[in-house]
Amino acid sequence: MTTFVRMTLTSAFLVSVLSSPASAQVHDLSVSGLKIGPKRAKLTDTRPVRTGRIIVKINNEGSETLNVADMATLDSAVTLNITQLPGPRACGLPTVTPDFSKKATPPFSVAPSKKLKLRYAVDFGCGSNPEVSIDWSFSMTLDHAALDGNADEDTSDDVCPRQPAGDDKGCGKKISGGARIEPTVDVDDRRSSLSLVKSGPYTVAQTNMVFVDASRPTMANGTYPGAPDRTLDTLIWYPATSPAQDSPLDLTGGPYPFIVFAHGLGSPNNASQVLTTHLASHGYIVIAPAFPLSTFLAPGGPSTADQPAQALDVAFLIDTFLAFNTQPAHMFEGSIDPDKIGMTGHSNGAMSTVITTYDATLRDTRIKAAMPMSPPGCIFQPGWYGAVDIPLMVLHGDNDLLVDFDGNAQKIYDRANASKSLVRFVRGNHMNFSDAAISIGLDDVGGCAFLPDAMTLETQFTALIAALGGAPAFVSDAGCSTSFCDGPLDPDAMDPFRQLDLMLYAGTAFFESTLRNNPVATAYLANELDATNPDIVRTSE
């Protein structure tokens, strides 16, 4: 991932004499140096951000004095390219700010054979590879014409890194043989919370099981006449002895906490494997049923009106898996801790999470922690949450085109009981909580295309409100917006890799804190999650 950053050149610079004679060129600038330090930025619990330095040297190789009127002009001419190297984590861009330790301000002139030295502070708080490995590389380009309108007569030396050629010593980090490469920085992350955001110690395997609840029917849906039972094709991720499909359970860390993941409307049940596999690597058994009438292949089309039945599907599956605990020779025998059950879900599945956690009739009291992501929640009015006070953490982007933040996540947080937290992803969108955002580049505009039309959705919500008891049960569309998918996609929306990583940071810490009482996770949520990630705003009570 490469980000192109205009260096904020309201910073310090020095003008000094070069030893080389003036060039025969009239208008000719060169980049003679780009230095980044330290080479290794060590992060600790007491020092979660390491400040380094960037020094840029620009030479006037021409025969005419360069006049720079203001910093904005200088800023337009210099571009710093920051590249995150491959690794298991996606990070926010290092913050580059002016270094005024040796202050000077324009207007100024750079005479022939003189140079400009620019200094910056750069803050490192994250790296793609937490251990000893290179995380960031830097390069830059210079645009002479942006300074005074004169095109550079020798553009071969306007970039860094640059290989030596003739009298040109090149630019960049010097390696064997005199070659030059991009300067790099290794972020050596030794914070204790790193254990939450890295893959856990367990090998993860997956299996698939199909369950049939013959005691309940599947309702009619559009042209679909319904069925006498509920069939739940379910994926399971779990700590295993090997990564092969259906591998034996790793018994060394059991019994394990148990998490139910609920998929979105028109989504498959494997839509969030980034999350489900990550949790399994930390010692969780995670299941994801394909709900009969809300998957992308639902007969009659995906419907949110089936929410009450989905809540009962979750209860049925919890019953089923807890029964495996006492079933001799079953692969999950003795594997699940019945006192450590949580639920999460995305979009329509986030609504299922909220209903299964709070609804007076449908609530499953075995759920001890709930993490809905982008939940439609405006229909749950004050009073609906009753006295339920299990830990709740709502994740939602404030650039969500499908489910707006203020009308849904904010209302859920305001109306629910403590303990609760609301994690707002700044410029985060809806589909970035799904693997499809990175696997096929699906953004919110594309996600809108998978939804039923507005009239169909309104009909479904009307049926859902009635099924949940309506106004007497504190469920209504009072105060709910009828618009969705009606805004342009923010061109500066959060990068999907970044949003998925932040989801893992928050989600793993939440379940570790609430289900395992992990003090590192609790401290991370309280002190570090939003403090070290400026694209997160966390409110808690």
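In case you missed it, the structure is sitting above this.
A brief report on the enclosed structure follows.

The rules we used
- Residues numbered from 1 in each chain as written.
- Predicted model: local features only at pLDDT ≥ 70, side-chain atom pairs only at ≥ 80, totals over all residues.
- Heavy atoms only, no water.
- Helix = DSSP H or I, 4+ residues; strand = E, 2+ residues; numbered from the N terminus.
- Buried < 20%, exposed > 50% of the residue type's maximum accessible area, 1.4 Å probe, protein only.
- Contact = heavy atoms within 4.5 Å.
- Core = buried A, V, L, I, M, F, W, Y, C linked by side-chain atoms within 4.5 Å.
- Phe/Tyr/Trp six-rings, centres within 6.5 Å; stacked < 30°, edge-to-face > 60°.
- Lys NZ or Arg CZ within 6 Å of the ring centre and 35° of its normal.
- Disulfide = S-S within 2.5 Å.
- Pairing = 2+ DSSP bridges.
- Axes fitted to C-alpha atoms, helices over the stretch in contact; angles between N-to-C directions.

### Notes on the environment of Pro299
Within the secondary structure layout, Pro299 lies in the loop between strand S19 (285–290) and helix H5 (307–324). Here Pro299 falls in the partly exposed class, since its relative accessible area comes to 31%. Placed 217 residues apart in sequence, Pro299 and Ile82 show a C-alpha to C-alpha distance of 48 Å. The contact partners of Pro299, leaving out residues within four places of it in the chain, are Asn221, Tyr224, Pro292 and Leu293.

### Some remarks on the side chain of Thr184
When you line up the elements, Thr184 lands in strand S15 (residues 184–189). Beyond its immediate stretch of four places on either side in the chain, Thr184 contacts Lys39, Ile134, Trp136, Ser137 and Lys173.

### Quick look at the nonpolar core
Formed by 73 residues in total, the largest nonpolar core has its most connected members in Leu34, Ile54, Phe138, Leu395 and Phe511. Counting residues per element, this core draws most heavily on helix H11 (residues 496–516), at 10 residues. Sequence-distant contacts of Leu395, defined by excluding residues within four places in its chain, comprise Met371, Pro372, Met373, Ser374, Pro375, Val423, Phe425, Phe433, Met503 and Ala506. Of all hydrophobic cores here, the second largest spans 54 residues; its members include Tyr238, Ile336, Tyr385 and Val388.

### Examining the packing of aromatic side chains
Taken as a whole and judged by the stated rule, the model has 14 aromatic pairs. Geometrically, the ring pair formed by Phe321 and Phe324 is edge-to-face, given 5.2 Å between the ring centres and 70° between the ring planes. Residue Phe321 and its partner Phe324 are located together in helix H5, separated by 3 residues, close to a single helical turn. Residue classification places Phe321 among the buried positions, given a relative accessible area of 0%. Directly above the aromatic system of Tyr413 lies the positively charged group of Lys420, at a separation of 4.7 Å from the ring centroid. Cation over ring: Arg516 sits above Tyr284, and NZ or CZ is 4.6 Å from the ring centre.

### Here we look at the state of the cysteines
Enumeration over the complete set of coordinates arrives at 3 disulfides. Here Cys378 engages in a disulfide with Cys480; their sulfurs sit 2.2 Å apart. Classification of the bridge connecting Cys378 and Cys480 rests on its S-S torsion, roughly 120°, and on that basis the disulfide is right-handed. Here the residue Cys378 occupies a position in the loop between strand S21 (367–373) and strand S22 (392–397), and Cys480 occupies one in the loop between helix H10 (454–467) and H11, the gap between them amounting to 102 residues. On the basis of relative accessibility, which here comes to 11%, the residue Cys378 falls in the buried class.

### A short note on the sheet that holds strand S16 (residues 203–213)
Taken in spatial order, the 9 strands line up as S16-S17-S19-S18-S20-S21-S22-S23-S24 in an open sheet, and their pairing is mixed. Both edges of this open sheet fall to S16 and strand S24 (536–540), since each of them pairs with a single strand only. In this sheet, neighbouring strand axes are inclined to one another by 20° on average, regardless of whether the strands run parallel or antiparallel. Alignment of strand S17 (residues 230–240) against S19, held across 5 bridges, turns out to be antiparallel. Paired with Trp237 across the bridge in S19 is Val286. With respect to the sheet, helix H7 (residues 405–415) is in contact with S22, strand S23 (420–425) and S24, its orientation differing from that of S23 by roughly 160°.

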